[in-house]
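Close look at the chain arrangement
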Amino acid sequence: MNFLRGVMGGPSAGLQPSGAETIQKLCDRVASSTLLDDRRDAVRALKALSKKYRLEVGVQAMEHLIHVLQTDRSDSEIIGYALDTLYNVISNDLEEEEQEENLPKQVDDLGSQFTEIFIKQQENVTLLLTLVEEFDFHVRWPGVKLLTSLLKQQGPQVQQIILVSPMGVSRLMDLLADSREVIRNDGVLLLQQLTKSNAAIQKIVAFENAFERLLDIITEEGNSDGGIVVEDCLLLLQNLLKNNNSNQNFFKEGSYIQRMKPWFEVGDDNCGWSAQKVTNLHLMLQLVRVLVSPTNPPGATSSCQKAMFHCGLLQQLCTILMATGVPADILTETINTVSEVIRGCQMNQDYFASVNAPSNPPRPAIVVLLMSMVNERQPFVLRCAVLYCFQCFLYKNAKGQGEIVSTLLPSTIDATGNSVSAGQLLCGGLFSTDSLSNWCAAVALAHALQENATLKEQLLRVQLATSIGNPPVSLLQQCTNILSQGDKIDRRGSKVQTRVGLLMLLCTWLSNCSIAVTHFLHNPANVPFLTGQIAENLGEEEQLVQGLCALLLGISIYYNDNSLENYRKEKLKQLIEKRIGRENFIEKLGFISKHELYSRAAQKPQPSFSSPDHMMFDHEFTKLVKELEGVISKAIYKSSEEDKKEEEVKKTLEQHDNIVTHYKKVIREQDQELEELKQRVNTLTSQNEQLQATVTQQVSQIQQHKDQYNLLKVQLGKDTQHHNSHSDTFQMNGIQTEEASRLKEELEEWKSKHELLQGQLREKDSVIEKLRSSQLEMGTTEQSSQTNKSGGLELNNELQKELEMLRSQIQLQSAEISKLQTENQKLQVMNTTADPVSGHSGATAVNNSELEQEIKELKSEVKALSEEKESLKQHLDSSSSTVAILQDEKTKLQQEVAESKKEQDDLLVLLADQDQKLSALKIKLKDLGVPVEDEDDIESGDQGDEDEDGDEEEQD
């Protein structure tokens, strides 16, 4: 074959070009080829070599590939090849068969280095954002993958470039709306990388309606039964909400918490959960915890907790909590989630206290959970979750604390023994042989006493029957007995753990409770045991117990009320000085806060331990240590005189407090009395107003009765009867009387007008007579007589017309006056003939009806005239508007006429100028001896003549 290749001129095996040389040729071809097909083939070849020769392609071809992205955007195929090649070079997601053991670190370095080269020019990332906007699948999908890889390699730098790019984040948000699931799903992965640890981008993404779109995708995919897409969406939601108060508030106000409820609707058949469903539900529970985390602002957490209760989400979680067949890790996470949903929220805590397990008989959920906590066969993480749930139930819940402690008191213990209470379970765990149960029960009981002095005193009443025939001992005494005999009892687990738990319980119980301190010191064995433990030089594990013993002894000194003579503050200090030494005591006390496990427990409320051996401190107890460590150190060094002064100050303060309390009580009682008096005054005032109204009503009724009585009395009298009937008639005719008076006034007015017109008529008659006499006596000549006659006739005619008009007016007015006079006479007759006899009342009624009819007719005429007036007015208004419109049109026409006239004048001026020019030219032509043609010829050849004139002038 080699011989044939040599003969044929083909390259031999030894002369095959290396990968770097091939890549170099392809790069030259991409850079120099003018044909698009050649460049496309070269980029395709580079894509094929980019996985095997990643370093060579990245070094030699990156610049050419970026140039292709910039110049060949019209061809989607070459753009897709270029983006795929860049993705292969930058991405570290190599095929499994191509990975080798010695490559991972080098691969990571290559991807980071190539990414840094690519993003060095920010325009490259901006160009990539523009390409992602393209709808073509072969461009958009490789662009999304390449941008995701860039964010994985150099996240903060790429995030900053996208953040400052115009509409950079908004362009990427459009990927969630793509109908192609591949692009949409990869868009979710891209947004995951984009939103990591960048609050500004998280806010922009949230306000671009990301919550709505992601929840829609989760619903479409089947909620917890969905696939990997649901998991990716939940991870993105966690990125947006975790440690971002603004987005959490936006999520709550957008009513998106209500849309989380269907996620936790688990059926009755909970067997055979897929791994993906477990993962999805785990992430959903974590998302709920993000919204109600104790590290969030208290106001935001509280509002989310209330929203979860009102929408039924807490009830749904409690259903999962009590369901059967739920995987252990989901059950553990559900317990943790319920814990934080109820923590510090009284409404949610009350609901949780009412939840019962589906057993026969039903048991409270708290009791069922405590049974799991003190059961050593349960998983460690589940027991820690139950302890956290119990702690959250009691956090700032005095009512719940009282219910737990009440189950231990003698008056509330169930004598039948049919049911197990929470208190009995805690006591059973406290005295169990399992050290982890001891520690959990002690911490749980300490939380039931947290910041509640009343319950600390009530718990002193609890008596325990240790064995048959022996007298019962108090719970406090039993705890100290177990503490002192800890090494002698055979226990499973760490003995130190049991002692630490009991010491934490005792410190919490005795702090801020002098009565409990007195009960503790009343046992003569307790103080020697504590001093002996502190004074010994023990191993490193026992140092923690020594520190807690020092704390308990310090609490016994600081909260000692000196009621026991042998254990007064001063004597206890002397005992420490003699047997331990103050400096040694303070050093042992400092062992607590210096311990590594103490620092871990102080970080967050949830007890999270890698193993049971590390379970030593409780979060709330670390707060107590921080509060008491300093004051105990000061109390140890105080002298007796200072203690006396402090006691005196305390007594003075107590007296002052008592006085203040007394005055507060007096003021409160006076306020109550004042409120009662105010209420009484208001009641009496309202009663007085009611009585006044009643009196007024009764007075009016009495007056009516008096009037009726007088009326009846008058009607009984014969003489006054007619008078009363006459007055009644006039009262009935009050309207007609008023009408008659008005008509009289009008009559007088018309009479005065009539007299005035009569006077004017007499004046006109006198003027006519004078004119007639002057006509008879005037001149002798014919012309003057005719003139005077014509003037007199004209004047006479005018006067005659005026006279006729006046006479017609007088006649009309006379008719109206006569009409009014007749009406007046009728009214007068009616008034004068109004007889008290009952027979005349009928005629009066008839006259009244006639008058009323006439008045109605007059009113109808007036109404008709007013309507006619309104119609005329409307017609006049419409005519006025029409006239105004016509006037405007006239004005416009006048303006147009004026403009046309002006244009005509301008044209006339131009024509005159033209005529002058023509005449001048004719004169010049005649002077030059050129024959002059007619006007039409001149107009047609005017331009030629002007040219000839110009030439002749140049010759001259």
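**Let's talk about the overall build of the chain**
Within the chain, the regular secondary structure consists of 43 helices and four strands. Expressed as a percentage of its 956 residues, the buried residues of the chain come to 38%. Long-range pairs, those at least 24 residues apart, make up 71% of the contacts in the chain with a sequence separation of at least 6. As displayed, the chain has an accessible area near 55100 Å², and 52% of this comes from carbon and sulfur atoms.

**Structural notes on a nonpolar patch on the surface**
Together, Ile659, Tyr663 and Ile667 make up an exposed nonpolar region whose accessible area comes to about 320 Å². Relative to the elements of secondary structure, Ile667 occurs in helix 37 (residues 640-716).

**Details of the side chain of Ser50**
Tracing the backbone through its elements, the reader meets Ser50 in the loop between helix 3 (36-49) and helix 4 (54-71). Overall, the relative accessible area of 0% leaves Ser50 in the buried class. At 2.7 Å, the side chain of Ser50 and the backbone oxygen of Lys47 are in polar contact.

**A word on the pattern of salt bridges**
Under the criterion given, the structure shown has 25 salt bridges. Close ionic contact of Arg39 with Asp72 constitutes a salt bridge, the shortest N to O distance being 3.1 Å. Pair noted here: Arg39 is in helix 3 and Asp72 is in the loop between helix 4 and helix 5 (76-90), with a separation of 33 residues, a long-range link. You'll find Arg39 and Asp72 in the same group, each marked buried. Put simply, Arg582 and Glu577 hold a salt bridge, and the shortest N to O gap is 3.0 Å. In the salt-bridge network here, residues are joined through shared partners; they are Asp37, Arg40, Asp41, Arg44, Asp75 and Glu77.

**Examining the packing of helix 12 (residues 199-207) against helix 15 (residues 245-253)**
At their nearest, the axes of helix 12 and helix 15 sit 9 Å apart, and the two run at 15° to each other. In terms of their interaxial angle, helix 12 and helix 15 are classed as roughly parallel. Seen from above, helix 12 lies across helix 15 with left-handed handedness. Contacts from Gln202, Lys203, Ala206 and Phe207 of helix 12 reach helix 15 at Ser246, Asn247 and Phe250.

**Focus: helix 28 (residues 495-510)**
Over its 16 residues, helix 28 runs 23 Å from end to end, which matches the ideal 22 Å to within 8%, given 1.5 Å per residue. Burial within helix 28 is extensive, with 15 of its 16 residues counted as buried. In the segment just after helix 28, Asn512 is the residue with positive phi, at about 60°.

**Quick look at a negative patch on the surface**
A cluster of acidic side chains, namely Glu896, Glu899, Glu903, Asp905 and Asp906, defines a negative patch on the protein surface. Following the sequence through the fold, Glu903 ends up in helix 41 (residues 841-928).

**A word on helix 5**
Its 15 residues place the ends of helix 5 21 Å apart at the C-alpha level, agreeing with the 21 Å of an ideal helix rising 1.5 Å per residue. Taking burial as the measure, the 15 residues of helix 5 include 13 buried ones, the bulk of the element.

**Quick look at the environment of Thr498**
Its location among the elements puts Thr498 in helix 28. C-alpha of Thr498 to C-alpha of Met616: the two residues are 118 residues apart in sequence and 9.1 Å apart in space. In terms of polar contacts, Thr498 uses its side chain to reach the side chain of Asn438, at 3.1 Å.

**Quick look at the confidence of the model for the chain**
Mean pLDDT for the chain: 81, with 76% of residues reaching 70 or above. Throughout residues 779-793 the model reports pLDDT below 50, and contacts reaching past four residues in sequence, or to other chains, amount to two contacts. Low pLDDT, under 50, characterises residues 833-845; the predicted model gives this stretch eight contacts beyond four residues in sequence or across chains.

**With respect to unusual backbone geometry**
Its identity as a non-glycine residue notwithstanding, Ser197 has a phi of 55°, on the positive side. Relative to the assigned elements, Ser197 resides in the loop between helix 11 (181-194) and helix 12. Its relative accessible area of 78% is what places Ser197 among the exposed residues.

**Considerations on the packing of helix 28 against helix 31 (residues 540-558)**
The N-to-C vectors of helix 28 and helix 31 enclose an angle of 15°; their axes lie 10 Å apart at closest approach. When the axis of helix 28 is compared with that of helix 31, the two are roughly parallel. For helix 28 against helix 31, the interelement crossing comes out left-handed. Contacts between helix 28 and helix 31 pair Val496, Arg499, Val500, Leu503, Leu506, Cys507 and Leu510 from the former with Glu541, Glu542, Leu544, Val545, Leu548, Cys549, Leu551, Leu552, Ile555 and Ser556 from the latter.

Conventions and cut-offs
Residues numbered from 1 in each chain as written. Predicted model: local features only at pLDDT ≥ 70, side-chain atom pairs only at ≥ 80, totals over all residues. Heavy atoms only, no water. Helix = DSSP H or I, 4+ residues; strand = E, 2+ residues; numbered from the N terminus. Buried < 20%, exposed > 50% of the residue type's maximum accessible area, 1.4 Å probe, protein only. Contact = heavy atoms within 4.5 Å. Areas by Shrake-Rupley, 256 points an atom, 1.4 Å probe, with all protein chains shown as cover. Patch = residues over 30% accessible without salt bridge, like charges linked within 9 Å, V, L, I, M, F, W, Y side chains within 5 Å. Salt bridge = Lys/Arg side-chain N within 4 Å of Asp/Glu carboxyl O. Polar contact = N/O pair within 3.5 Å; in protein donor to acceptor, adjacent residues only side chain to side chain. Axes fitted to C-alpha atoms, helices over the stretch in contact; angles between N-to-C directions. Parallel < 35°, antiparallel > 145°, perpendicular 65-115°, else oblique. Left-handed = near helix turned anticlockwise from the far one by under 90°. Expected span 1.5 Å × (residues − 1). Lys, Arg positive; Asp, Glu negative; His and termini not counted. Charge placed at Lys NZ, Arg CZ, Asp CG, Glu CD. pLDDT = per-residue confidence, 0-100.

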